[in-house]
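# Notes for the structure review
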Amino acid sequence: MSIDRGLLALLEAKPGKEAELAAFLEQGRELAAAEEGTVTWYAFRLSETTFGIFDTFENEEGRQAHLDGQIPVALGKVASELLASDPDIRMTDVLAVK
């Protein structure tokens, strides 16, 4: 397996919506597990209000399938309620994996 690409999404919760955003991210694991092209998927918290998602993929098809999949759709449905700003989504190149 050669993991060479990823996605990083940074999410800023609205004041008072931190617990709801954390719960949403925890539920996202099921959706990610069903994606064949997603090798790893992490949801994490950086601060009281800043959260993130990091995923890895073996090829561009897997990454694109994820971008077109259920997680972005689900996030779009709750973004106006839970997020203080638009998600900061960045394509990444994975340089090394253990």
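Parameters at a glance
Residues numbered from 1 in each chain as written. Predicted model: local features only at pLDDT ≥ 70, side-chain atom pairs only at ≥ 80, totals over all residues. Heavy atoms only, no water. Helix = DSSP H or I, 4+ residues; strand = E, 2+ residues; numbered from the N terminus. Contact = heavy atoms within 4.5 Å. Pairing = 2+ DSSP bridges. Axes fitted to C-alpha atoms, helices over the stretch in contact; angles between N-to-C directions. Salt bridge = Lys/Arg side-chain N within 4 Å of Asp/Glu carboxyl O. Buried < 20%, exposed > 50% of the residue type's maximum accessible area, 1.4 Å probe, protein only.

### Topic: the environment of Phe-24
One can find Phe-24 in helix H1 (residues 18–33). Taking the C-alpha atoms as reference points, Phe-24 and His-66, 42 residues apart in sequence, are found 17 Å from one another. Not counting chain neighbours up to four residues away, the residues in contact with Phe-24 comprise Ala-74, Leu-75, Val-78 and Leu-82.

### Focus: the sheet that holds strand S1 (residues 5–12)
On the basis of which strands lie adjacent, the open sheet formed by four strands has the order S2-S3-S1-S4 and antiparallel pairing. For this open sheet the edge positions go to strand S2 (38–45) and strand S4 (88–93), each flanked by a neighbour on one side alone. Averaged over all pairs of adjacent strands, the angle between their axes in this sheet comes to 15°, without regard to strand direction. Docked against the sheet, H1 engages S1, S2 and strand S3 (50–57), running at close to 170° with respect to S2.

### Notes on the pattern of salt bridges
What the rule picks out here adds up to seven salt bridges. Residue Lys-17 is joined to Glu-81 by a salt bridge in which the shortest nitrogen-to-oxygen separation is 4.0 Å. Residue Lys-17 is found in the loop between S1 and H1, and its partner Glu-81 is found in helix H3 (residues 70–82); the two are separated by 64 residues along the sequence. The exposure class of Lys-17 is partly exposed, given its relative accessible area of 23%. Relative accessible area serves as the criterion here: at 41%, Glu-81 is assigned to the partly exposed category. Between Asp-88 and Arg-90 there is a salt bridge; the shortest N-O distance is 2.7 Å. You can call Asp-88 partly exposed: its relative accessible area is 29%. A single salt-bridge network, built from bridges that share partners, covers Asp-4, Arg-5, Glu-60 and Arg-63.

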